[in-house]
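As a plain string of letters, each chain reads:
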Amino acid sequence: MKFNIILPLLCLAQLSLFGQEYTPIRVEAKPWVYNNPNTAWKMFDTRIIDNIIGYAPIKAKSVNSYGSTLERPSEATGFYRTEYIDGRWWVIDPEGYRNIQVVINSLRPGGSERNRERLLEKYGTEENWINATADSLHHYGFTGAGSWSVNELLIQTNQQKDYQLTYTPNLNFMSSYGKKRGGTYQLPGNTGYPNQTIFVFDPEFEAFCDEHAMQLEKYALDKNLFGVFSDNELPIGMKNLEGYLSLTNPQDPGRLAAEAWLAARKKPVSEITDADRADFAGYVAETYYSIVSRAIKKYAPHHMYLGSRLHGGAKNIIPVMKAAGRFCDILSFNYYGVWTPQQNLMQQWAMYADKPFMITEFYTKAMDSGLANTTGAGFTVHNQTDKGYAYQHFCLELLASKSCVGWHFFKYQDNDPTAKNVDPSNIDSNKGIVDNDYQYYPALMAVMEQLHTNRYKLIDFFDRKRDTSDEWELVWGDEFDYEGLPDPKKWSYDTRGNSYGWGNNELQWYKIESLKNTEVNNGTLKIRAHKEPTSGKNYSSGRIMSKYKGDWLYGKIEVSAKLPRGNGTWPAIWMLSTENHYGTWPKSGEIDIMEHVGFDPDTVFSTTHTAKYNHVKGTQKKGKIGCPTVTTAFHKYTLEWEKDEYKVYVDDQLIFTYLNDGEGPESWPYNRPFHLILNLAIGGNLGGKKGVDDSLFPHTYEIDYVRVYQKEEHLKANRITD
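Read on for an overview of the structure. (Residues numbered from 1 in each chain as written. Predicted model: local features only at pLDDT ≥ 70, side-chain atom pairs only at ≥ 80, totals over all residues. Heavy atoms only, no water.)

Quick word on the sheet that holds strand 19 (residues 404–409)
Within the open sheet, the six strands sit side by side as 10-9-8-19-16-15. Their pairing is parallel. Pairing within the sheet leaves two strands with one partner each, and these edge strands are strand 10 (166–167) and strand 15 (331–334). Where strand 15 lies against strand 16 (residues 357–361), four bridges are found, and the strand directions are parallel. Looking across to strand 16, one finds that N334 is bridged to E361. (Pairing = 2+ DSSP bridges. Helix = DSSP H or I, 4+ residues; strand = E, 2+ residues; numbered from the N terminus.)

So, the environment of E712
By the element assignment, E712 lies in helix 15 (residues 712–717). With relative accessibility at 8%, the residue E712 sits in the buried group. On a C-alpha basis, the gap between E712 and H302 in space is 34 Å, while along the polypeptide they are 410 residues apart. (Buried < 20%, exposed > 50% of the residue type's maximum accessible area, 1.4 Å probe, protein only.)

Considerations on the sheet that holds strand 7 (residues 98–99)
Strands sit in the order 5-6-7 across an open sheet of three strands; the sheet is antiparallel. Strands with a single pairing partner mark the edges of an open sheet, and in this sheet they are strand 5 (81–85) and strand 7. One ladder, built from two bridges, connects strand 6 (residues 88–92) with strand 7; its direction is antiparallel. Residue pairing across strands places I92 opposite R98, the latter belonging to strand 7.

Some thoughts on the environment of G227
By the element assignment, G227 lies in strand 13 (residues 227–228). On the basis of relative accessibility, which here comes to 0%, the residue G227 falls in the buried class. Excluding anything up to four places from it in sequence, G227 contacts Y167, T168, P169, M304 and L306. (Contact = heavy atoms within 4.5 Å.)

Description of the packing of aromatic side chains
One pass over the structure, following the stated rule, counts 54 aromatic pairs. Relative to Y244, the ring of F201 has its centre 5.4 Å away and its plane inclined at 75°; by these criteria the two rings are edge-to-face. Of the two residues, F201 is situated in the loop between strand 12 (190–192) and helix 6 (205–212) and Y244 in helix 7 (residues 240–245); the sequence distance between them amounts to 43 residues. Measuring from ring centre to ring centre gives 5.7 Å for Y363 and F410, while their planes differ by 35°; the resulting arrangement is tilted. Here the residue Y363 occupies a position in the loop between strand 16 and strand 17 (364–366), and F410 occupies one in the loop between strand 19 and helix 13 (442–467), the gap between them amounting to 47 residues. Through a chain of ring-to-ring contacts, the aromatic side chains of Y554, Y613, W641, Y646, F656, Y658, W668, Y670 and F674 assemble into a single cluster. In this arrangement the basic side chain of R309 is found over the ring face of F229, its NZ or CZ atom lying 5.0 Å from the centre. (Phe/Tyr/Trp six-rings, centres within 6.5 Å; stacked < 30°, edge-to-face > 60°. Lys NZ or Arg CZ within 6 Å of the ring centre and 35° of its normal.)

Re a positive patch on the surface
On the surface, a cluster of positive charge is contributed by K622, K624, K689 and K690. Checked against the element boundaries, K622 lands in strand 32 (residues 621–626). (Patch = residues over 30% accessible without salt bridge, like charges linked within 9 Å, V, L, I, M, F, W, Y side chains within 5 Å. Areas by Shrake-Rupley, 256 points an atom, 1.4 Å probe, with all protein chains shown as cover. Salt bridge = Lys/Arg side-chain N within 4 Å of Asp/Glu carboxyl O. Lys, Arg positive; Asp, Glu negative; His and termini not counted. Charge placed at Lys NZ, Arg CZ, Asp CG, Glu CD.)

Looking at helix 10 (residues 318–327)
The periodicity of an α-helix, 3.6 residues per turn, causes residues three or four positions apart to be oriented the same way. Extensive coverage of helix 10 is indicated by the burial of eight of its ten residues. Every buried residue of helix 10 is accounted for by I318, P319, V320, M321, K322, A323, A324 and G325. Looking at the buried residues of helix 10, the elements they touch are helix 9 (274–299), strand 15 and helix 11 (343–353).

Quick notes on the pattern of salt bridges
Counting across every chain of the model gives 43 salt bridges. For R277, the salt bridge is made with D274, and the minimal N-O distance between the two is 2.9 Å. A residue pair is termed a helical-turn pair when its members lie 3 or 4 positions apart in one helix, as R277 and D274 do in helix 9 at three residues. Several salt bridges share partner residues, and in doing so they unite R114, E117, R118, E121, D416 and D437 into one network.

Section: the pairing of strand 3 (residues 25–30)
Of the two faces of strand 3, the one holding I25, V27 and A29 is buried and the one holding R26, E28 and K30 is not buried anywhere. Pairing between strand 3 and strand 4 (residues 42–46): five bridges, direction antiparallel. Counterpart to E28 in the pairing with strand 4 is M43.

A look at the side chain of T82
Tracing the chain through its elements places T82 in strand 5. Assessed through its relative accessible area of 19%, T82 is described here as buried. Ignoring any residue separated from it by four or fewer positions in sequence, one finds T82 in contact with W89, W90, V91, I92, M304, D329, I330 and P356.

Side note on unusual backbone geometry
Residue P586 is bonded to the preceding W585 through a cis peptide linkage, with omega at 0°. Among the structural elements, P586 can be located in the loop between strand 29 (569–577) and strand 30 (590–595). With an omega dihedral of 0°, the bond running from F697 to P698 counts as a cis peptide bond. One can find P698 in the loop between helix 14 (684–687) and strand 37 (699–710). Even without being a glycine, D354 presents a positive backbone phi close to 55°. Inspection of the secondary structure assignment puts D354 in the loop between helix 11 and strand 16. The backbone of N580 shows a phi angle near 50°, a positive value even though the residue is not glycine. Its place among the elements puts N580 in the loop between strand 29 and strand 30. Here N580 falls in the partly exposed class, since its relative accessible area comes to 38%.

Here you go:
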């Protein structure tokens with residue numbers, strides 16, 4: 001069993017994130033959960049600079065006028081760009097120096113009557129305000145202003161300073177076109193569209209973008225223009241295909257485009273799968289990014305296109321990442337709902353896009369501000385010091401990623417509850433670094449400034465420790481130390497083959513979000529099969545996968561499990577290609593880490609399936625081991641997957657080795673990302689070879705933990721291109 005009792009003690013003593021050991025502090029926070037304002041306060045292990053073991057913080061750092069490190073310069077082009085250097089992505093400033101952007105969003109005076117009065121009292125004019133505010137931001141280590149900022153005032157101020165702050169306008173192509181076209185509406189935090197489908201297939205959209213982008217001409221030679229956003233939080237996602245298909249106007253260009261796309265796949269609506277939905281979302285993204293990027297580059301050819309600030313489920317869709325990577329210089333993500341950014345997810349962004357990324361929205365709210373903090377996303381903490389600790393914890397994880405080139409904190413000023421006609425997500429929350437009287441929060445700013453000052457030294461510290469380590473580092477896992485359904489941030493339900501028996505004549509129907517079939521309690525995941533009529537089948541069961549939430553190229557996958565016993569059961573721990581790069585099964589490969597059939601209860605086996613070696617041809621390669629306690633005790637099943645071989649172990653005993661024979665993807669398709677599947681099948685060509693014993697139901701397949709490890713060399717290999 002996993003460390004259900006001793007793990008909390010270990011957490012309080014010392015933790016390690018990607019090899020960086022630290023002694024955590026505990027911060028109490030209230031998580032943000034969509035449509036659930038009454039979530040409970042919880043304690044979170046939190047990494048801060050002062051508690052990183054072996055790291056000595058500095059109080060000052062020499063940087064140039066752009067806030068860049070003066071070490072190891074690259075080619076100077078006079079404008080900002082990115083470069084991949086020694087395994088890490090960097091921003092390169094106009095003078096050729098390496099830079100990590102630290103930006104504040106919504107750098108502008110508040111719009112309420114109170115805000116206007118306080119600005120006049122404190123500064124006299126907006127020009128005086130921006131001049132003093134720029135000095136303060138520079139002092140605290142910020143390098144620029146993000147979306148919704150007063151860019152013209154900042155441009156004027158830059159001309160008077162011996163330092164320079166960047167600016168990043170958001171042109172809002174789609175929302176601006178929507179206002180002109182009609183059909184959009186205000187949602188909390190972003191713009192809504194009919195069926196949440198953007199107008200990217202309208203024939204007029206491209207011409208609109210070209211005209212709209214002409215406003216960039218006046219900035220085309222400004223070295224402080226860091227880059228351009230095209231929109232914010234567009235509803236690109238898995239619901240797009242059905243959304244376009246169900247538009248009420250049969251001649252709507254979006255509906256026609258979706259119908260033509262689906263017809264080209266020769267599929268009826270009834271057979272749409274999640275793979276189709278993901279591919280169509282990628283098609284929407286590709287169409288959008290190609291149009292807006294052309295317009296931006298036409299009028300600002302020297303500057304970077306920063307994407308559309310993706311959010312929500314779009315962050316997990318591989319075809320969307322690929323589309324963004326083809327047209328964006330830097331991918332941008334608004335990232336909420338997690339205390340700690342997920343390294344595996346960030347790896348996927350960089351891996352599939354082959355571009356760096358920035359986090360362009362995140363924040364924490366503090367109760368000592370006097371605001372109610374009932375609107376907007378972000379965690380809530382008790383005070384400004386904890387808000388600063390949350391900021392350090394979040395950003396330290398970004399710095400540990402070798403693909404993150406900066407972040408934009410949301411935002412400059414708190415919400416004013418007296419303001420009128422504001423976005424419903426910005427009513428009463430402490431999102432800012434200044435209050436409604438333009439006073440900075442000293443405790444927050446001290447902790448922020450420490451991180452900004454140390455960011456380059458921290459990168460060197462993180463990279464040096466990782467580059468000299470050949471040890472396995474935990475990058476993803478589930479200890480099942482919670483109650484209820486499997487964690488939706490890590491697992492999805494896989495049901496696409498229910499209607500046809502998964503090609504194996506299987507007898508079960510896998511159910512979605514059914515505690516009867518997939519339940520976490522008492523420290524383990526239980527996948528249960530029941531004998532019951534279900535959607536035309538005689539049995540129900542569970543099948544979950546990590547696809548789009550945990551996908552890896554090389555690494556060690558370790559699962560502790562106890563298997564069911566009885567004729568007809570067929571539990572498995574296995575992996576499939578996430579993107580089917582080489583084609584449908586078996587061309588893109590299958591790694592069966594563990595399979596077990598009830599009619600042979602004391603044996604487990606591991607099999608590989610490729611175009612050359614598979615069970616249809618009778619050429620599959622496999623290994624097996626006898627183990628009389630697999631149905632009565634937990635055993636550890638491990639895959640160690642390297643560039644030219646993989647090995648499978650049971651309780652650390654090697655049972656199967658598969659080698660790359662050098663003959664290409666027909667025999668070695670294992671150079672692309674794969675995801676994990678856990679399921680309990682009933683019957684089928686293999687599991688039902690000797691029938692199904694109905695007298696033994698229900699059956700339980702119990703998983704104690706799933707842990708995924710990688711080495712530094714694997715992380716470097718995770719930069720793939722087509």
